[in-house]
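# Coordinate analysis (summary)
Chain residues, written in single-letter form:
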Amino acid sequence: MNYRHAFHAGNFADVFKHLCLVALLRGLSRKDSPWAYLDTHAGAGMYDLSSVPAQKTGEYRQGIGRLWQAPGPFPAALADYLAVLRSLVGGKDAPHHYPGSPLIAAAVARPQDRVIACELNPIEYAALAEYPSTVMTVHNSDGYQGLKAFLPPVERRGLALIDPPYEDATELTRLPRELLAAHRRFATGCYALWYPLKDEGPLAGLKRSLQDSGLRRLLLAELRLSALVQGGILHGCGLLVINPPWGFVEQLQETLPVLTKILAPGSGSSRVEWLVPE
Ligand SMILES: C[S@@+](CC[C@H](N)C(=O)[O-])C[C@H]1O[C@@H](n2cnc3c(N)ncnc32)[C@H](O)[C@@H]1O
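Summarised in this report is the structure supplied together with it. (Residues numbered from 1 in each chain as written. Predicted model: local features only at pLDDT ≥ 70, side-chain atom pairs only at ≥ 80, totals over all residues. Heavy atoms only, no water.)

This part covers the packing of helix H8 (residues 143–150) against helix H9 (residues 171–185). Axis angle and axis distance: for two packed helices, these are the angle between their axes and the distance between the axes, and together they describe the pair. Close contact between H8 and H9 brings their axes to 10 Å; oriented N to C, the two are set at 10°. By the criterion of interaxial angle, the relationship of H8 to H9 is roughly parallel. Of the residues in H9, those touching H8 at Tyr144, Leu147 and Lys148 are Glu171, Arg174, Leu175, Glu178, Ala182 and Arg185. A per-class count over the contact of H8 with H9 returns four nonpolar, no polar and five charged. (Axes fitted to C-alpha atoms, helices over the stretch in contact; angles between N-to-C directions. Helix = DSSP H or I, 4+ residues; strand = E, 2+ residues; numbered from the N terminus. Parallel < 35°, antiparallel > 145°, perpendicular 65-115°, else oblique. Contact = heavy atoms within 4.5 Å. Nonpolar A, V, L, I, M, F, W, Y, C, P; charged D, E, K, R; others polar.)

Right, here's the structure in full:
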């Protein structure tokens, strides 16, 4: 387990993923009844953008750095995501910190909702556990075990974000198995699986196995910084969403083209399409 998100926090992929996360949770919040959010690969919680890892890659400059400086007005989902960020890191000229998915979810959660975060790395776990929250519980445990332990939630409504580091080549074959097993236990739940676009061949297998599994309502959203598939270089990312809440597709269709223009003017593109419809 060498992956450390501190090198990548606030990059274009985080911006894309967390914009989607806020929109998904807002969708669940349209009803008063509580939801549970399970973050299987939670990370450290908050990242200092002046730290050595963040400065070494400088990735955040092409992500949240660009968006922060962009002139509005923005589509509602993008404005909402930025408002959540500002509530967590302040409204300075440039962000000094960038929050991870569990803190973003906790900021969106209402008093009746729950955030369950699993993080296997003890150092990242300890950092996340330092953030006191009335809605969040943090577990130093395997996220795939978390899918088994925490789903279905007592609320019977919720979202699981699966955001692994993809360090291990077996992850891509494991993911559909784990996701489908979770879906069998909690079929009405919403699931969001993030993936990097580097080498697209193995990803096609992941998409196909989910497409052929009998699942309904499987949505794909992708953002590419460039059309080039450069061997091994991260040039985009995507999210596979099962059971997205009502209105999510339209929000992404409105928002992703605007975000893409900000993050990758001239070269970027985005897609939102059903892999398996209703
Ligand atoms: C991509 S980062 C998470 C970023 C976070 N979800 C966010 O959006 O801010 C992946 C995290 O998963 C952790 N991790 C790796 N394998 C894990 C496992 N089997 N279960 C739980 N966490 C794991 C890593 O330590 C790392 O912190």
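Glancing now at the packing of aromatic side chains. Following the criterion strictly, the structure yields two aromatic pairs and no others. In this structure, Arg86 is placed above the aromatic ring of Trp68, and the distance from its NZ or CZ to the ring centre is 4.4 Å. (Phe/Tyr/Trp six-rings, centres within 6.5 Å; stacked < 30°, edge-to-face > 60°. Lys NZ or Arg CZ within 6 Å of the ring centre and 35° of its normal.)

Grouped together as the largest cluster of nonpolar side chains are 94 residues, with contacts concentrated most on Ile64 and Tyr81. Excluding its chain neighbours within four sequence positions, the residues that come into contact with Tyr81 are Asp14, Val15, His18, Leu19, Val22, Ile64, Leu67 and Tyr98. (Core = buried A, V, L, I, M, F, W, Y, C linked by side-chain atoms within 4.5 Å. Buried < 20%, exposed > 50% of the residue type's maximum accessible area, 1.4 Å probe, protein only.)

Take the layout of surface pockets next. What the second largest pocket holds in volume is close to 310 Å³. Gly27, Leu28, Lys31, Arg157 and Pro245 are the residues nearest the centre of the second largest pocket, which is lined by 15 residues in total. When its residues are assigned to classes, the lining of the second largest pocket shows five nonpolar, five polar and five charged. (1 Å grid on protein atoms, 1.4 Å probe; cavity = no way out; pocket = protein on both sides within 12 Å on 5 of 7 lines; lining within 4 Å. Points joined across faces, edges and corners; volume = space filled by probe spheres on them.)

Here the focus is unusual backbone geometry. For the bond from Gly72 to Pro73, the omega torsion is -5°, close enough to zero to count as cis. Structurally, Pro73 can be placed in the loop between helix H4 (64–69) and helix H5 (76–89). Between Leu151 and Pro152 the backbone carries a cis peptide bond, its omega angle lying at 0°. Position of Pro152 among the secondary structure elements: in the loop between H8 and strand E6 (158–162). If you check the backbone angles, Arg156 has positive phi at about 60° while not being a glycine. In this fold, Arg156 is placed in the loop between H8 and E6. On the basis of relative accessible area, Arg156 is assigned to the exposed category, the value being 56%.

This part covers the sheet that holds E6. With mixed pairing, eight strands are arranged side by side in an open sheet as E5-E4-E1-E6-E7-E9-E8-E10. Edge positions in the sheet fall to strand E5 (136–139) and strand E10 (269–276), since each has one partner strand and no second. Across the sheet, the axes of successive neighbouring strands diverge by a mean angle of 15°, strand direction being ignored. Note that strand E7 (residues 190–197) and strand E9 (residues 236–242) share seven bridges and pair antiparallel. (Pairing = 2+ DSSP bridges.)

Our focus in this paragraph is H5. For H5, which comprises 14 residues, the first-to-last C-alpha distance of 20 Å matches the rise-based estimate of 20 Å (1.5 Å per residue) to within 8%. Among the residues of H5, those classed as buried are Ala77, Leu78, Tyr81, Leu82, Val84, Leu85 and Val89. The buried residues of H5 occupy an angular sector of 155° when projected down its axis, which confines them to one face. Opposite the packed face of H5, turned more than 90 degrees from it, sit the exposed residues Ala76 and Ser87. Looking at the buried residues of H5, the elements they touch are helix H1 (12–28), strand E2 (46–48), H4, strand E3 (97–99), helix H6 (101–108) and helix H11 (248–263). Just downstream of H5, Gly90 is the residue with a positive phi angle, here 90°. (Expected span 1.5 Å × (residues − 1). Arc of directions from axis to C-beta.)

Counted by the stated rule, this structure contains 13 salt bridges. The residue Lys17 makes a salt bridge to Asp14 at a minimum N-O spacing of 3.0 Å. With Lys17 and Asp14 both in helix H1, this residue pair falls three residues apart, about one helical turn. Across the pair Arg26 and Asp80 runs a salt bridge, and its minimum N-O distance is 2.7 Å. Here Arg26 is found in helix H1, whereas its partner Asp80 is found in helix H5, with 54 residues between them in sequence. (Salt bridge = Lys/Arg side-chain N within 4 Å of Asp/Glu carboxyl O.)

What follows deals with H8. Of the positions making up H8, those classed as buried are Gly143, Tyr144, Gly146 and Leu147. Here the buried residues of H8 occupy an arc of 155° about the axis, which is enough to place them on one side. Those residues of H8 hidden inside the fold are in contact with strand E1 (36–39), strand E4 (114–118), E6 and H9.

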